[in-house]
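Secondary and tertiary structure notes
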Amino acid sequence: MKKLFLLGACLLLTVGCQTIDNSSLDTVLSEAIDSLVDISNVNRTGYRYYLPRGLAIKANADFNEIISDQKYLYYLYVDIVSYNSNIDFQYTVNSRAYYSASLSSQNKKGYIEINNYENDQYLIEIMYNYAKIEVIAYEEDINMVVAYAMSILTSVTYNDSVIANYLGDDVFLSNEEAYDIFEIIGSDNYLQFTDEVENIDEIRDPDYIN
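Quick look at the structure, then. (Residues numbered from 1 in each chain as written. Predicted model: local features only at pLDDT ≥ 70, side-chain atom pairs only at ≥ 80, totals over all residues. Heavy atoms only, no water.)

**So, the pairing of strand S5 (residues 73-78)**
- With five of six residues buried, S5 is to be regarded as a mostly interior element.
- Where strand S4 (residues 64-68) hands over to S5, the hairpin turn is made up of four residues, of which glutamine 70 adopts a positive phi near 80°.
- Of the strand pairs in this sheet, S5 and strand S9 (residues 131-138) are connected by four bridges, and their pairing is antiparallel. Across the sheet, the residue bridging to valine 78 is alanine 131, located in S9. (Buried < 20%, exposed > 50% of the residue type's maximum accessible area, 1.4 Å probe, protein only. Helix = DSSP H or I, 4+ residues; strand = E, 2+ residues; numbered from the N terminus. Pairing = 2+ DSSP bridges.)

**With respect to the side chain of serine 68**
- With respect to the element layout, serine 68 can be found in strand S4.
- Of note is the side chain of serine 68, whose polar atom sits 2.9 Å from the backbone nitrogen of glutamine 70.
- Not counting residues within four places of it along the chain, the set of residues in contact with serine 68 comprises Gly54, Leu55, Ala56, Lys58 and Leu73. (Polar contact = N/O pair within 3.5 Å; in protein donor to acceptor, adjacent residues only side chain to side chain. Contact = heavy atoms within 4.5 Å.)

**A look at the packing of aromatic side chains**
- Applying the stated criterion across every chain yields a total of nine aromatic pairs.
- Between tyrosine 47 and phenylalanine 63, the ring centres sit 6.3 Å apart and the planes meet at 35°, which makes this aromatic pair tilted. Of this pair, tyrosine 47 sits in strand S2 (residues 47-49) while phenylalanine 63 sits in the loop between strand S3 (56-61) and S4, and the two are 16 residues apart along the sequence.
- Judged by centre distance (6.3 Å) and plane angle (70°), the rings of phenylalanine 89 and tyrosine 111 are edge-to-face. With phenylalanine 89 in the loop between helix H4 (80-85) and strand S6 (99-105) and tyrosine 111 in strand S7 (residues 108-116), this residue pair connects regions lying 22 residues apart in the sequence.
- Looking at phenylalanine 89, the relative accessible area reads 15%, which means it is buried.
- The class for tyrosine 111 is buried, based on a relative accessible area of 1%. (Phe/Tyr/Trp six-rings, centres within 6.5 Å; stacked < 30°, edge-to-face > 60°.)

As structure tokens, this is what we get:
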């Protein structure tokens, strides 16, 4: 049963875009991190997450996904290896960035860093709970994009037994090029898929996605 909604599911649909646009980015982030969620509608190997209405999965390959809101592409990567190893990290706030902050709630950690990219756009990088989203957006859409991204990241839930079995077969370590989820890419480039991306049909307003 859908008891509590994420910021993207609640504010975006109930209150509307205007409230998010008029809020500070600090408020958008704190609302998202403090939200409790017990629902998911996307199942993957070793993890699941909630895809808010208004977003669509464009492609997926292994632990990478391309998600679209019709205007922007969100590049999602889930690092089950770091999660399984319980890797810790420290983020140093970047005073030169457009926006930079560490994120934490209970045992979950992460960071957000926003840098100038090109053509009046900004590269938004958010890592939280061993999952990372990168997206390039215009300044006026930053709050909305961050709300959507945090809706996904805060909902990621891992299946320890599935991950242990998967990594026990050395499938990921032997066949996949690991992506450093703790790397701060800055304004040089952003996450891209390999040529092995599997295109799938666009999904809108999902109830349950496999």
